[in-house]
Every structure is written in C-alpha cells, then in structure tokens.
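Residues per chain are reported as follows:
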Amino acid sequence: MSQIYEDIIDDAATSEEAVSGAFLPQVNDRVDDAAQFDRFMFFYEAGIRQMTTKLEILDREFQHSNDRNPIENIKSRLKSPESIRSKMEKRGLPMTISSMVNNIYDIAGIRVICPFITDVYQIAQMLITQTDVELMQMKDYIKDPKENGYRSLHLIVKITVFFSDTTHQVPIEIQLRTIAMNFWASTEHQLRYKKDKEFTPEMHQRLKTCAELMADADYQMQKLAEEIHF
C-alpha cells in the first residue's frame, strides 16, 4: 500500500459504532411509510449511480491508457426492503427511517473485482482520495480474514450527490476483492445458505481450507505479477 493510503486509513473509523451522524434529510419517520421509504431508496440509488460512474471512468481510462486494467468487474445492488427490515430487527433497532439511515450502512453496495491483491488497494486509494468521497470506515479482511476464511476489503464512504436544489451525503459500502476471493465468497454463500441442509463443522473446516488455498493462489499470482513488473 502507498503511504498516502496508509495515512488515510489510519484516520478512518474501524468500528460500526464510530460511524455515525445524519447523512440524508431527517423525516417523519416510520420505515413502513412506503412513500418516505421509496424517497430514501432513491437517494441511495443516486449514490450508487454516482460512485459506479467514478469506477466506470477509471475502468475506461485504464482500458485506453494502461498496459492492463486493475478492474475486472463492477457490480452494484440496493438491499431489498425485506433485507433491511430483517437486519434492523436482528440488531434491535427502532423500525424508523432515521434509524435505518443512521445505522445501516450497506443499503447501497458496490463490489469491485480485481485481478491482483495490489489492484484492490490501488483502486481503493483512487476512490478515497477523490475530493467528494469521504472514507468513514475501513475493514481489511485481506490482512485479517474472518474466522470462516472470508477475505475482502470493505470500505464505507460518504459520497456527495447533487440534486436539483440541494446536496446530500450518501453512505455507500464498497467491497473490493480479487477474482479468487470472489470465487470463494460466491460459492461459499451458495453452499452455506442451502436452507434444507445441515452445515456441519467438518464442512465449515473444508470451506476454510479452500479459502486458504485461494489465498495462497492469490499470493503466488501476485508474486508472478511482481516478477513480470506489473
């Protein structure tokens, strides 16, 4: 990682509790108010569009001016209302839109797939040094994988979105990972959440072993890239 990236992430919050404050306008306030809920989902959709455009511009720039492209794929999604309500219920949050806005930071999500580990950090640095993007939280599951073997770099950023007569800062979760990390995470999700099958400790260990194999493959591919002077 470059020094500028290390300096920025040193200042970023590392816990969900530290990420607080009102980003979007305050409202009256039930999460089951369909009109208000749709309005706020529009704000998140606008944030995704603006952040995706930033990534697509980088993607196109690399295609035209570099020997290779550190961006393999970009995907975005908005959480469904059911998923948002379920997460709020699990966390014991009030079922209000203000509670949703100030506590749930992955409503708008973007996933960036990169060929190599260094590409992940390069793209992250390019995003968080843009003047209208503020890094709120960084969780580096590449450096410190989850217990089950999951690896990815998670950023929560605020992006300034310009509307007709105002601006709002919209929180966006960005997940950056390599092709190998994404293969493991995608297949692990399908296997683990097969609802009619019991997931045993032995299966859990086998999945973790697969994650370690993927991590070793990532490391070997990174070493090869460095030898070829990528």
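These numbers were taken from a predicted model, which means no experiment stands behind them.

The rules behind each value
Residues numbered from 1 in each chain as written. Predicted model: local features only at pLDDT ≥ 70, side-chain atom pairs only at ≥ 80, totals over all residues. Heavy atoms only, no water. Axes fitted to C-alpha atoms, helices over the stretch in contact; angles between N-to-C directions. Helix = DSSP H or I, 4+ residues; strand = E, 2+ residues; numbered from the N terminus. Parallel < 35°, antiparallel > 145°, perpendicular 65-115°, else oblique. Left-handed = near helix turned anticlockwise from the far one by under 90°. Contact = heavy atoms within 4.5 Å. Phe/Tyr/Trp six-rings, centres within 6.5 Å; stacked < 30°, edge-to-face > 60°. Buried < 20%, exposed > 50% of the residue type's maximum accessible area, 1.4 Å probe, protein only. Lys NZ or Arg CZ within 6 Å of the ring centre and 35° of its normal.

Trainee: So what exactly am I meant to see when it comes to the packing of helix α2 (residues 34–65) against helix α5 (residues 117–128) here?
Mentor: In helix packing, the relevant descriptors are the interaxial angle and the interaxial distance, both defined with respect to the helix axes. Their axes nearest at 11 Å, the elements α2 and α5 cross at an angle of 125 degrees. The orientation of α2 with respect to α5, classified from their angle, is oblique. Crossing of α2 against α5: the hand is right-handed. On α5, the residues that touch M51, K54, L55, L58 and F62 of α2 are Q122, I123, M126 and L127.

Trainee: Hey, could you run me through the packing of aromatic side chains in this one?
Mentor: Any aromatic ring pair is given by two values, namely how distant the centres are and how the planes are angled relative to each other. Going through the model one piece at a time under the given rule, you end up with 5 aromatic pairs. Between F40 and F43 the ring centres are 5.5 Å apart and the planes differ by 90 degrees, which places this aromatic pair in the edge-to-face class. Highlighted residues: F40 and F43, both in helix α2, separated by 3 residues, approximately one helical turn. Residue class for F40 comes out buried when judged on its relative accessible area of 0%. Classification of F43 as buried rests on a relative accessible area of 5%. Measuring from centroid to centroid gives 5.8 Å for F42 and F163, while their planes differ by 55 degrees, and the two rings are tilted. With F42 in helix α2 and F163 in the loop between β4 (153–162) and β5 (167–178), the pair connects residues that are 121 residues apart, well separated along the chain. In this structure F163 comes out as partly exposed when scored by relative accessible area, which is 21%. Chaining the aromatic ring pairs together yields one cluster made of F40, F42, F43 and F163. The aromatic ring of F37 is capped on one face by R85, whose charged end is 5.7 Å from the ring centroid. The cationic tip of K146 hangs over the ring face of Y141; the distance from NZ or CZ to the ring centre is 5.0 Å.

In short, geometric facts, not functional conclusions.
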